[in-house]
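Examining the three-dimensional arrangement
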Amino acid sequence: MKSKSDMASELRAPQVKEIFSFRSPELLSGTGTNRSVVNIFTTDNAYKFHQIKNKNYNRFMPFLAFRGVGAESNLTLNKLKPLLILISYNFRPKYINIAKNCGFLLSLIRSVAMCCNCCSVRQQKIWVFALGGLALVLGIVLVAAWPSLSRQWILGMLPLAPDSFMYKRWVATPMQLYSTFYLFNWTNPEDLNTEGVKPNFEQLGPYTFSDYKVKEDLEWDQPEVTYYGRRTWHFVPDKSNGSLEDVVVTPDFPAVTASFLSRKYRRVLRKVMNFALNREGGSTFIRQTAGESLFDGYYNELLDFVEQLHSPLLPVPSGTFGWLYQRNQSKTAEGNFTIHTGRGDRSRMGDLLLWKGTNHTGYYSGECGKVNGSTGELWSPQRQWDRPTSIFIPDTGRFLNLYPTENVTVDGIDAWRYVSTELTLDNGQLSPDTKCFCVGQRECPLNGVLDFSPATYHGPFYMSHPHFHMTDGMFRENTTGLQPNASEHSMYVIMEPTLGAPLKLRGQLMISVRVVRDEAIDFFKDVAYDHYAPLFTLVLHGEMDDNLRSSLKLALNVPQIGQYTGIAFLLVGLTMVAVGVYVSRNHKWHNEQRPEPIEGVKANNKQVDATRGNR
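Conventions and cut-offs
- Residues numbered from 1 in each chain as written.
- Predicted model: local features only at pLDDT ≥ 70, side-chain atom pairs only at ≥ 80, totals over all residues.
- Heavy atoms only, no water.
- Helix = DSSP H or I, 4+ residues; strand = E, 2+ residues; numbered from the N terminus.
- Polar contact = N/O pair within 3.5 Å; in protein donor to acceptor, adjacent residues only side chain to side chain.
- Contact = heavy atoms within 4.5 Å.
- Phe/Tyr/Trp six-rings, centres within 6.5 Å; stacked < 30°, edge-to-face > 60°.
- Buried < 20%, exposed > 50% of the residue type's maximum accessible area, 1.4 Å probe, protein only.
- Patch = residues over 30% accessible without salt bridge, like charges linked within 9 Å, V, L, I, M, F, W, Y side chains within 5 Å.
- Areas by Shrake-Rupley, 256 points an atom, 1.4 Å probe, with all protein chains shown as cover.
- Salt bridge = Lys/Arg side-chain N within 4 Å of Asp/Glu carboxyl O.
- Core = buried A, V, L, I, M, F, W, Y, C linked by side-chain atoms within 4.5 Å.
- Pairing = 2+ DSSP bridges.

On the secondary structure map, Thr396 appears in the loop between strand S13 (389-393) and strand S14 (398-410). Within polar-contact distance, the side chain of Thr396 engages the backbone oxygen of Ile393 at 3.0 Å. Every residue in contact with Thr396, bar those within four places of it in the chain, is listed here: Tyr363, Tyr364, Phe452, Ala455 and Met463.

Next up on the list: the packing of aromatic side chains. Summed over the entire model, instances satisfying the criterion amount to 27 aromatic pairs. Consider the rings of Phe253 and Phe321, whose centres lie 5.2 Å apart with planes at 65°: the pair is edge-to-face. One end of the pair, Phe253, is in helix H7 (residues 253-262); the other, Phe321, is in strand S10 (residues 320-321), with 68 residues separating them in the sequence. Residue Phe253 is classed as buried on the basis of its relative accessible area of 5%. Between Tyr364 and Phe437, the aromatic rings sit 5.3 Å apart at their centres with planes inclined by 75°, giving edge-to-face as the arrangement.

Okay, a nonpolar patch on the surface next. A cluster of nonpolar side chains, contributed by Trp127, Leu131, Leu134, Leu138 and Phe569, occupies part of the molecular surface with about 480 Å² of accessible area. Per element, the largest residue contribution to the nonpolar patch is 4 residues, and it comes from helix H4 (residues 121-144). Here Leu138 is to be found in helix H4. Since its relative accessible area comes to 37%, Leu138 is described here as partly exposed.

Turning to the nonpolar core, a few remarks are in order. Taken as a class, soluble globular proteins show a tendency for nonpolar side chains to be buried jointly. Counting residues in each nonpolar core, the largest one holds 97 residues, and the members touching the most others are Trp170, Phe253, Ile339, Leu503 and Val513. In terms of residues, this core owes the most to one element, strand S19 (residues 501-515), which gives 8 residues. Excluding anything up to four places from it in sequence, Leu503 contacts Met175, Val410, Ile413, Ala415, Ile494, Met495, Glu496, Glu543, Met544 and Leu552.

Our focus in this paragraph is the pattern of salt bridges. If you walk through the whole model with that rule in mind, you get 20 salt bridges. Put simply, Arg230 and Glu216 hold a salt bridge, and the shortest N to O gap is 2.8 Å. Taken together, the residues Arg230 in strand S6 (residues 224-235) and Glu216 in strand S5 (residues 201-221) connect sequence positions 14 residues apart. Owing to a relative accessible area of 27%, Arg230 belongs among the partly exposed residues under this scheme. The shortest N-O distance in the salt bridge between Arg263 and Asp518 comes to 3.5 Å.

Take the environment of Gln384 next. For Gln384, the location among the structural elements is in the loop between strand S12 (352-355) and S13. Judged by relative accessible area, which is 44%, Gln384 ranks as partly exposed. Considered as a pair, Gln384 and Pro404 are 20 residues apart in the sequence and their alpha carbons are 9.5 Å apart. Beyond its immediate stretch of four places on either side in the chain, Gln384 contacts Trp416 and Tyr418.

Below, the discussion takes up the pairing of S19. Of all the 15 residues making up S19, 12 are buried; the element is thus mostly covered by neighbouring parts of the structure. Sheet analysis places strand S17 (residues 461-464) next to S19, joined by 4 bridges and oriented antiparallel. Bridging from a neighbouring strand, Met463 pairs with Ile511 of S19. With 12 bridges joining them, S19 and strand S20 (residues 531-543) adopt antiparallel strand pairing. Within S20, the position partnered with Ile511 by the bridge is Phe536.

In structure tokens:
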């Protein structure tokens, strides 16, 4: 039996166990070498705080009591375990500023008390092994299954729908595009009939316009959507070299077209055509500004005369002409498009199904006249290296194939570079499948030049790479001033193949007109050299901005991020389980008592040992 004095002595000198110590210049401010050391202790039999009696620090005693912590607090589980705070000071009283951090220290003490004292040994084991096992399971799932699951999840966001992820990035131009024009100025039109002097053409420009397109009048019929595209162009002087007031001289292609079309008629009708050209303003060349040639338009007497005839053979809509006249901000200029949304078949996402309500353009025969390819605004994901990408160009009424040639890296994104080759504008000389691009009853041009007449009222117009790049030399032999360059005049698309995202693109085509001697037409009866006269080059180019590239990088890295996170979970889980096993084997859980041998068992063990020793 313990005496009352022994019991009182225990209460006066409680058994104190230190939890942790730390130095905190933030909690107790001072200067020079002044610091405070805070030691936090627990005790099982101290039910009241012991005041620290020091004559120099009596004014801080209310603070040291930590009102709300101790016997009056709610931090109890098995029994009340108040805290005894012993603060040793090593600085002058005048520098003490402890009160301002009272809230932080109070929260810290409560957290420690909750963590260390609220759980039994069994509960601690449950928490540690359960959390460790959960981390292991999460790690295994993330490492093994996350890459495929995340890819399917991301690909599932791509198909178009009114409320889909891709909709806002498709309904309006997602990246800044520019339409750049180069005009060709005929510098010596007066020498058209002079032997020994070939027509010379000087390239003017670039004249750059921002190109913005928004889809309107959408009609959804999954997996298809039909829409009109309203395009808006704005001149960008900073990206241009020249003014829209620059004067440009070109062959009088309305007169050239009239002369060309009259050749299939009898001589009498050709004389009528010659009379009309002489009377209605025909000429060998015309002069207009760059702006008039492109968007503003200019009045042409010959076109006005033909328009007033209202002939179905010559359906000229207006006496004013410009290559893009009345197309700025027009919704119907390009017609409507029906594309595949990708629902049910992501490999067809973005494929053009109908143009102007039909699946055949009527410009070319057979397969060459079929609507095919992408509009260039939406591409299918998971692309294959051995398949070209096709782009449908409504102004030409045909598609162009670009072929993958190399792997490139753009701002850390692995991509494929698709470029135009000699097959892009082939007319059957290289591939029999493209023979149908030759127009019936007309001479088929050599490889690299496409007969553009179906889209230009059957005039003598042709389409090629700028400066007749990748064409036969005969297209340049009777002119001067053209200098083809592979790096400047080719077409390409740099595309990330997994998600089908274009990082950078440049598409460009040149339109030219063929001028030949025609003895029945006064303006062209003395032409010295038959030639292909370049008129203009259109370059459509753009590059994905930084925000879109960042989003693309994140989407591509989601599988790897998940795997790295899974590895981290595995390490955490293994560490927790290993620590739990170690602590269990060594009986080092908080408040766990190491099992002591029973006295009887100890005595028996001693007797057994003594007996063995005697033997």
